[in-house]
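Fold and geometry: a report
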Amino acid sequence: METQQKASQLRKRIVFGLGIGISVGGVVLAGGWVFTVALASAVFAGSREYFELVRSRGIAAGMTPPPRYVSRVCSVICALMPILTLYFGLDVSVTSAAFLVAIALLLQRGNPRFSQLSSTIFGLFYCGYLPCFWVKLRCGLAAPALQTRIGAAWPILLGGQAHWTVGLVAALISISSIIAADTYAFLGGKAFGRTPLTSISPKKTWEGTVVGLGGCIATSIILSRIFCWPSSVLSAIALGFLNFFGSVFGDLTESMIKRDAGVKDSGSLIPGHGGILDRVDSYIFTGALVYSFVKTILPLYGV
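Being a predicted model, the structure only gives us computed values, none of them experimental.

1. Considering the pattern of salt bridges
- The final tally for this structure, using the stated rule, is five salt bridges.
- The residue Asp278 makes a salt bridge to Lys258 at a minimum N-O spacing of 2.9 Å. In this pair, Asp278 is assigned in helix α12 (residues 276–280) and Lys258 in helix α11 (residues 233–261), connecting sequence segments 20 residues apart. In this pair, the class of Asp278 matches that of Lys258, namely buried.
- Asp260 is the salt-bridge partner of Arg259, the closest N and O atoms lying 3.6 Å from each other.
- Among the charged side chains, a salt-bridge network with shared partners connects Glu254, Lys258 and Asp278.

Take a look at the structure:
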């Protein structure tokens, strides 16, 4: 009975995982408002989960959580941030959101507490601000990836060669590298895992981490050769490093929040996978890291 249940759970994870992967690939290829609205929807669901975790017994026992109406407003604000970033820029949305939330908390009835302000501002940063860098990466880096051979054969009706920008290629490499890092880390941990990585997530091991790093860098190099971007192997290796460490740090941050909340999953939105934060935690920090790397370090966006 238990074996059948595990097999059913595995099938469910695979089916929904494939569905999510295909959907995400299509959304990333579409770009523009399609990508932004899809990201905003994920941000809204993730921020709702975050504020529910903050209100959970494990975390709320040691602090005063923000009022529920503030949490709901913050979820809406977080969802609007990617859209505002696409059309008006990131600084406007972040500054306005922090100002409005601070006013709401300070003017609430009763005794405003610093823990309310700190957990709420971190929620805006973690669930709203950081994901916006994926919009800046995918939609903001519009320089054409002229060397990409796929772009030369891309149908005119779907945008032609101009559709293949540096932002699109960088986003595809980053997302694929993170998936590879998670997959190889899991397989490496199962096969060779002996030494625990950290007490925050006892199942993670140093052996699995090393295998995951190798898989992430290898994927980054292979895709950089396929897309002919970035042109330097060292740049591809550096991109792999950034994706890996961003994904690990994001995973551990969410694990820490769940551990303090005393829950296994952030939610139950995705059958067989838990909540939306359980699926996107590896991506939260990587968008900002990769955008900064491509924008400021690679000359001419790395073309």
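2. Description of the nonpolar core
- Among the nonpolar cores identified, the biggest contains 54 residues, and Tyr50, Leu124, Tyr126, Trp134, Leu137, Trp229 and Val294 are the most heavily contacted of them.
- If one sorts the elements of this core by residue count, helix α9 (residues 166–192) sits on top with nine residues.

3. Thoughts on the packing of α11 against helix α13 (residues 286–297)
- Put simply, α11 and α13 touch, their axes get as near as 8 Å, and they point 155 degrees apart. One way to sum up the angle between α11 and α13 is to call them roughly antiparallel. Our pair here, α11 against α13, has a crossing hand that is right-handed. Taken together, the residues of α13 that come into contact with α11 (itself represented by Ser235, Ala238, Leu239, Leu242, Asn243, Gly246 and Ser247) are Thr286, Leu289, Val290 and Phe293.
- Split by residue class, the contact of α11 with α13 holds six nonpolar, five polar and no charged.

4. Some thoughts on empty space enclosed by the protein
- Under the criterion given, the structure shown has one cavity of 30 Å³ or more.
- The volume enclosed by the largest cavity comes to roughly 40 Å³.
- Lining the largest cavity are Arg48, Phe51, Glu52, Arg55, Arg68, Ser71 and Arg72.
- Along the lines of polarity and charge, the residues of the lining of the largest cavity split into one nonpolar, one polar and five charged.

5. Some remarks on the side chain of Ser75
- Structurally, Ser75 can be placed in helix α4 (residues 68–88).
- Residue Ser75 is classed as buried on the basis of its relative accessible area, which comes to 0%.
- Those residues in contact with Ser75 that sit more than four places away from it in its chain are Phe44, Ser47, Arg48 and Phe51.

6. Remarks on the environment of Leu137
- Tracing the backbone shows Leu137 in helix α7 (residues 132–140).
- Note: C-alpha distance between Leu137 and Ala288 (151 residues apart in sequence) is 8.2 Å.
- Apart from the residues within four sequence positions on either side, Leu137 is in contact with Gly167, Ala170, Ala171, Val290 and Tyr291.

How each quantity is defined
Residues numbered from 1 in each chain as written. Predicted model: local features only at pLDDT ≥ 70, side-chain atom pairs only at ≥ 80, totals over all residues. Heavy atoms only, no water. Salt bridge = Lys/Arg side-chain N within 4 Å of Asp/Glu carboxyl O. Helix = DSSP H or I, 4+ residues; strand = E, 2+ residues; numbered from the N terminus. Buried < 20%, exposed > 50% of the residue type's maximum accessible area, 1.4 Å probe, protein only. Core = buried A, V, L, I, M, F, W, Y, C linked by side-chain atoms within 4.5 Å. Axes fitted to C-alpha atoms, helices over the stretch in contact; angles between N-to-C directions. Parallel < 35°, antiparallel > 145°, perpendicular 65-115°, else oblique. Left-handed = near helix turned anticlockwise from the far one by under 90°. Contact = heavy atoms within 4.5 Å. Nonpolar A, V, L, I, M, F, W, Y, C, P; charged D, E, K, R; others polar. 1 Å grid on protein atoms, 1.4 Å probe; cavity = no way out; pocket = protein on both sides within 12 Å on 5 of 7 lines; lining within 4 Å. Points joined across faces, edges and corners; volume = space filled by probe spheres on them.

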